[in-house]
Amino acid sequence: MNILLWHVHGSWTTAFVHGRHRYLIPVTPDRGPYGLGRARTYPWPHTAIEVTPDQLATTHIDAVILQRPEELDLTHQWLHRRPGHDLPAIYVEHNTPKDGNIPHSRHPMADRDDLLIAHVTGFNQLFWDTGSTRTTVVDHGIVPPAVEYTGELDRLAVVINEPVRRWRVTGTDLLPLFAEIAPLDVFGMGVAGLADRLGLPPERVTSHDDVPQAKMHAELARRRAYLHLCRWTSLGLSLIEAMSIGMPVVALATTEAVTAVPPGAGALATRVDTLLEAARRFMADPALARQAGAAGRTAARDRYGLDRFLTDWDRLLEEEVCASR
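Worth saying up front: this structure is predicted, and the values here are computed from it rather than measured.

(A) Focus on the overall build of the protein. Counting secondary structure elements, the protein contains 13 helices and 13 strands. In terms of overall size, the protein behaves like a compact globule, its C-alpha atoms giving a radius of gyration of 20 Å where 325 residues would be expected to give roughly 20 Å. Expressed as a percentage of its 325 residues, the buried residues of the protein come to 53%. Summarising the internal contacts of the protein: among those between residues at least 6 apart in sequence, 65% fall at separations of at least 24. For the protein, the accessible area works out to roughly 14,000 Å², and carbon and sulfur atoms hold 51% of it. Taking the average place of the 33 positive charges on the side chains of the protein and the average place of its 39 negative ones, the gap between the two points comes to 3 Å.

Structure representation (structure tokens):
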């Protein structure tokens, strides 16, 4: 199939474009949010092809993957076809609701009969009110990191995008508590200057801004444990990647992390003191850290394997395309 989708979430799209289809990725001269084109810090196969809005008007497309409400109008404008009417459309919901009316949050695609909403977690499906719109869940999948855990550095690793702007959402306010136990290495977009914002010396918090994925994985693998302090996000793919590497995790028991982190893979709790104590144990006992990491690695690769993810998506795409004919 020829599948149109925008480059929105780097890790999720990386897994998605490893399937057996051709993936048409809109690109505009400014490479803005609706024309970002191919990823530059993630390895994508040659079947992910950049296309301009002008090219899309004359390109055969079998289905469109929508991820933002604005893409409905863009599809109609660029293809001269209406998503869900002239073209099968699946809306992927990556995020938990954030409108302040939880748990009564109405999804922007609620009460529609022209598309399907595919949630990336069961938690999202539970908390979004989608009315009469059909929904399903396709659990995340990842391209397995090509590194193995060593944990030789007595440091904690964190991956957060825009930790200052998002602050309590990503648990940024909790980082100083863990920086007292071990130095933190914070990877992600918009992490520069984080130590100053937290009021901590640079030797306690080191920022690694927008590092290519493969290099980031190699650096994560050297840290003793992975710290996941997100209060209200869908499910960070970096958490799954860290588990797949073999890192023990210290995670808040919130949203989908409750089901993603199995017993024995580290520490999962809503009490911060419990997580602080777990971080201390992993710093003091590398063998315990390796044992927990091995359990998490097995669980992550079983549940979030790329083959399962792509098989689920193939089945869903075939059902939607066939139903539209």
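(B) Seen up close, the pattern of salt bridges. Within the structure shown, the criterion is met by 24 salt bridges. Ionic pairing is found between glutamate 71 and arginine 68, a salt bridge with its closest N-O pair at 2.7 Å. Each member of the pair, glutamate 71 as well as arginine 68, is classed as buried. When the shortest N-O distance is used, the salt bridge between arginine 165 and glutamate 162 registers 2.9 Å. When its relative accessible area of 60% is taken as the criterion, arginine 165 is described as exposed. Of the residues examined, glutamate 162 reaches a relative accessible area of 36% and is grouped as partly exposed. Several salt bridges converge on common partners, so that one network encompasses Glu152, Arg155, Asp185, Glu219, Arg222 and Arg223.

(C) Broad picture of the packing of helix 9 (residues 237–245) against helix 12 (residues 286–303). It is the contact of helix 9 with helix 12, at a shortest axis distance of 6 Å, that shows an interaxial angle of 120°. Between helix 9 and helix 12, the interaxial angle falls into the category oblique. For helix 9 against helix 12, the interelement crossing comes out left-handed. On helix 12, the residues that touch Ile240, Met243, Ser244 and Ile245 of helix 9 are Gly293, Gly296, Arg297, Ala300 and Arg301. Its residues placed into classes, the contact of helix 9 with helix 12 shows 4 nonpolar, 3 polar and 2 charged.

(D) The side chain of glutamate 241, seen in detail. Within the secondary structure, glutamate 241 sits in helix 9. Notably, glutamate 241 is buried but unbridged: the nearest opposite-charge side chain belongs to arginine 301, and the N-O separation is 11 Å. Discounting residues that sit within four places of it in the chain, glutamate 241 has contacts with Ser11, Ile142, Pro145, Gln213, Met216 and His217.

(E) Representation of the sheet that holds strand 9 (residues 184–188). Spatially, 10-9-8-11-12-13 is the arrangement adopted by the 6 strands of the open sheet, whose pairing is parallel. The open sheet is flanked by strand 10 (205–209) and strand 13 (266–269), the only strands paired with a single partner. Across this sheet, the average inter-strand angle for adjacent strands is 20°, counted without regard to direction. As paired strands, strand 12 (residues 249–252) and strand 13 are joined by 4 bridges and run parallel to one another. Bridge assignment links valine 249 to a residue of strand 13, and that residue is glycine 266. Strand contacts of helix 9: strand 8 (153–159), strand 11 (223–228) and strand 12, with the helix running at about 150° to strand 11, the strand carrying the most contacts.

(F) Main features of unusual backbone geometry. Note the cis peptide between isoleucine 102 and proline 103, where omega equals 10°. Relative to the elements of secondary structure, proline 103 occurs in the loop between strand 5 (89–93) and strand 6 (116–119). A positive phi is found at arginine 31, a non-glycine position, where the angle reads about 45°. Checked against the element boundaries, arginine 31 lands in the loop between strand 2 (22–26) and strand 3 (48–51).

Thresholds applied
Residues numbered from 1 in each chain as written. Predicted model: local features only at pLDDT ≥ 70, side-chain atom pairs only at ≥ 80, totals over all residues. Heavy atoms only, no water. Helix = DSSP H or I, 4+ residues; strand = E, 2+ residues; numbered from the N terminus. Rg over C-alpha atoms; globule rule 2.2 N^0.38 Å. Buried < 20%, exposed > 50% of the residue type's maximum accessible area, 1.4 Å probe, protein only. Contact = heavy atoms within 4.5 Å. Areas by Shrake-Rupley, 256 points an atom, 1.4 Å probe, with all protein chains shown as cover. Lys, Arg positive; Asp, Glu negative; His and termini not counted. Charge placed at Lys NZ, Arg CZ, Asp CG, Glu CD. Salt bridge = Lys/Arg side-chain N within 4 Å of Asp/Glu carboxyl O. Axes fitted to C-alpha atoms, helices over the stretch in contact; angles between N-to-C directions. Parallel < 35°, antiparallel > 145°, perpendicular 65-115°, else oblique. Left-handed = near helix turned anticlockwise from the far one by under 90°. Nonpolar A, V, L, I, M, F, W, Y, C, P; charged D, E, K, R; others polar. Pairing = 2+ DSSP bridges.

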